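Remarks on the overall topology
Chain by chain, the residues run as shown.
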Amino acid sequence: MQTSYVQQPERSIGRAADSRGRNFCPLPVLLFSFVALVIFLFADLRVADADIWFHLRNAHHLVTSHTFLHEDLYTFTSAGSPLVDHEWLSELGYYVAFQVWGLRGLLAVLFVLLWLIFGGIYILAMRRGAHCGDAALLTTAGVALGSYSFGPRMNHFGWLCLVALLLVLERFRQTGKGLWVLVPLFALWINLHGSWVFGLVVFGIYLVSGLAEGQRGVVVATRWKPAQLRHLTEVFAASVAVLFINPYGYKLVWYPFDLLFRQKANLDNVIEWQSVDFHTGWGKLALCMIFAVTSAPWFSRKTWEVRDVVLVTFAIWASLTHLRFLLFAAIVLVPILAPRLRLFQRYDREDDAPSMNLAVTIVIAALIVFAYPSAARLQEVVDLRFPRNALRFLQQEHMQGRLFHYYDYGGYIEWNAPAVRTFADGRTDIFTYNGVFDDYIAINQIERPLELLDKYKIDYVLFPLGKRLTYVLDQSSAWHRIYGDQLVNIYQRVPMAATPTPKKPG
C-alpha cells in the first residue's frame, strides 16, 4: 500500500477531508512556504559567483554562432585547446534569464531551482511516511547544509534531476509504475551537468539492493519481483545508452571520469573540491549531519532498508570528501531521516484551516516579492567582489598586452570585456592539462612569481589588495602600479630600458 504524508491510507491526499469541499491550501503547503522563505534568506544575495560569467559567454557563443564550443576562444594561455562544454544546456537557462532581467534574472533562476529541489525533497520525505512538520523541519536543516553551493551555478540543474530520479524510483517502489520516464530524464541530464553519474549510482543502489531478501538486526532487504527487476534492468541500460545523445558524443560521457583521474591540480587546489574542515561553520554542519544519522535509531525503531543504508553511507562519504557535495547529502538524507523524527502528532486534514493557511502563505510570498533585491543592490554585491572600475580603466586606456589576473576574475573579464584575452578562468580542466593552472598556483603562492610572469610575457597584472603577489610587485623595480582602488591594483611592466642596471663590483 502506498504511504502518504497523511499516514492514513484510507484517505486520499487529493480529495476533500469532509463535506466542506476541497482543501485549497493544506498545512503542507503552508509549511513549505516557510521553507521557501528560508531558502530566500540564504540565497537572496548569492549572485556574485565567479563561474557564472564564462557560462554566460559560452551561451552567448552558442546563441550567436549556432555552434558548440570545441576549443578555447577566450585565453592567450590555452587558445585552441580542445574542450567540452559539459553544461551547455544549463548555461542557456541562465543566459536567457540574464538577457531578459539582468542580475535579477540570474537570481530568479537560482530561486526557482532551489525551490524545486527542496520542494521535491519535502514531497519525497512525506511520500516515505514523514509528517509534514517533520519533513519541513528536516528540509530546512537540509537548506542550511546545502547552502554552501548556493549561487547561480549549473550543478543545481543536475541536482534537480537527481530529485526527480528519487521521486520516480520511490513511486516505482510503491506502485510499480512510471519508471520509463527516467530514460528521457538521463537524456536531458547528460546535457545539463556531469552529476548524472550520481544518478546512475543511486539508480544502481536501488536496483542492486533488491537482489536479496532477509533481515539482520534492524537492516532489511526486500527482493524485487522478477518483472520489477527486469523492468529496472531494461530502464537502467536504456538510461546509459541515451547518455551518448549529446553534441560531444563519448567525450561528454567520459568528462566526469576525466575530472576524477586527470585533474589532480583542480581537486587539490579549488576550495569546493576540498574535504570538509570541521573547524569551519560548514564542518560544524557536517558534524550535525553525522550526529543526525547516528542518533536516528533513538528517535525511531523503524527498520532500515539496505538501499537506505547504502545511500546514507555514500552521501556522507561524498560530502565529507568534497565540500560541494553537501547539497547532495541533503537531498539524500532528508527523505530518509524525516520519517524517523516523529516530533509532530499525526496530521489530520479535517482539523486544517485552509483560509488561515492561504493567508499566511500569501503574506510569506508578499514578503519575498517585497524583499527581492533590486538590480542596483545586486550590482553593488557584484562590484564588491569583481573589478568593474579597474576593467573600465583598462578599456578606456586601450591597453594592449598580456594580462595576468586573479583566477576568479577570468570569467568576469571574458563576459564584460570580450576583447581582452585572459590568463585563465573557472574552466579549470583545460588549464590543468597544459600546466597553466599549476603555474598560476605557483605565482599566487610566491614560488618564482617574477620568473613565471616573464615566462608568459605578462605586460599587466590585475590582482586584489592584500595578496602576497601584490606585495611582491609593490617591492619590485620591474613593475609599477598604474591603477588602484579599494579592491585591486593594476601593475604594468617597466620597460627594460627604464629598469636600473645593477652596478658591477669594483
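Above this text you will find the structure in question.
A brief look at the structure comes next. (Residues numbered from 1 in each chain as written. Predicted model: local features only at pLDDT ≥ 70, side-chain atom pairs only at ≥ 80, totals over all residues. Heavy atoms only, no water.)

1. Quick notes on the overall build of the protein chain
Within the protein chain, the regular secondary structure consists of 21 helices and seven strands. For a compact globule of 506 residues, the expected C-alpha radius of gyration is about 23 Å, and the protein chain comes in at 26 Å, within 12% of that figure. Taking the principal axes of the C-alpha coordinates as reference, the protein chain spans close to 100 × 50 × 45 Å. In the protein chain, which comprises 506 residues, the share counted as buried stands at 53%. The long-range fraction of contacts in the protein chain, counting pairs at least 24 apart against all pairs at least 6 apart in sequence, stands at 72%. Only carbon and sulfur atoms are counted for the fraction: they give 62% of the accessible area of the protein chain, which is about 23,700 Å². For the protein chain, the distance from the average site of its 45 positive side-chain charges to the average site of its 39 negative ones is 4 Å. (Helix = DSSP H or I, 4+ residues; strand = E, 2+ residues; numbered from the N terminus. Rg over C-alpha atoms; globule rule 2.2 N^0.38 Å. Buried < 20%, exposed > 50% of the residue type's maximum accessible area, 1.4 Å probe, protein only. Contact = heavy atoms within 4.5 Å. Areas by Shrake-Rupley, 256 points an atom, 1.4 Å probe, with all protein chains shown as cover. Lys, Arg positive; Asp, Glu negative; His and termini not counted. Charge placed at Lys NZ, Arg CZ, Asp CG, Glu CD.)

2. Things to note about the sheet that holds strand E6 (residues 479–484)
In space, the four strands of this open sheet follow the order E4-E5-E7-E6, with mixed pairing throughout. Here the strands that pair on one side only, and so sit at the sheet edges, are strand E4 (403–405) and E6. On average, adjacent strands in this sheet sit at an angle of 25° to one another, irrespective of strand direction. Taken together, the five bridges between strand E5 (residues 460–464) and strand E7 (residues 488–493) define a ladder with antiparallel strand orientation. The partner of Leu 462 across the bridge, within E7, is Ile 490. Strands in contact with helix H21 (residues 468–475) are E4, E5, E6 and E7; relative to E5, the strand with the most contacts, it is inclined by about 135°. (Pairing = 2+ DSSP bridges. Axes fitted to C-alpha atoms, helices over the stretch in contact; angles between N-to-C directions.)

3. Some thoughts on the sheet that holds strand E2 (residues 219–221)
The mixed open sheet is built from three strands, whose spatial order is E1-E2-E3. Two strands close off the open sheet at either side, each with one partner strand: strand E1 (214–216) and strand E3 (304–305). The sheet contact formed by E1 and E2 spans three bridges and is antiparallel. Across the sheet, residue Gly 214 finds its bridge partner in E2, namely Ala 221.

4. Points about the pattern of salt bridges
Side chains that carry opposite charge are capable of pairing whenever their charged atoms lie near each other. A full pass over the atoms with the stated rule returns 18 salt bridges. Its salt-bridge partner being Arg 427, residue Asp 425 comes within 2.8 Å of it at the nearest N-O pair. Per residue, the accessibility class of Asp 425 equals that of Arg 427, and both read buried. The shortest N-O distance in the salt bridge between Glu 451 and Arg 448 comes to 3.1 Å. Salt bridges sharing common partners tie together Arg 128, Glu 170, Arg 173, Glu 305, Arg 307 and Asp 308. (Salt bridge = Lys/Arg side-chain N within 4 Å of Asp/Glu carboxyl O.)

5. Thoughts on the nonpolar core
In this structure, Tyr 94, Leu 182, Phe 328, Phe 404 and Val 461 are the most contacted members of the largest nonpolar core, which totals 164 residues. At 20 residues, helix H3 (residues 88–127) tops the list of elements feeding residues into this core. With sequence-adjacent residues up to four places away left out, Phe 328 is seen in contact with Trp 159, Leu 162, Phe 198, Phe 314, Ala 315 and Ala 318. (Core = buried A, V, L, I, M, F, W, Y, C linked by side-chain atoms within 4.5 Å.)

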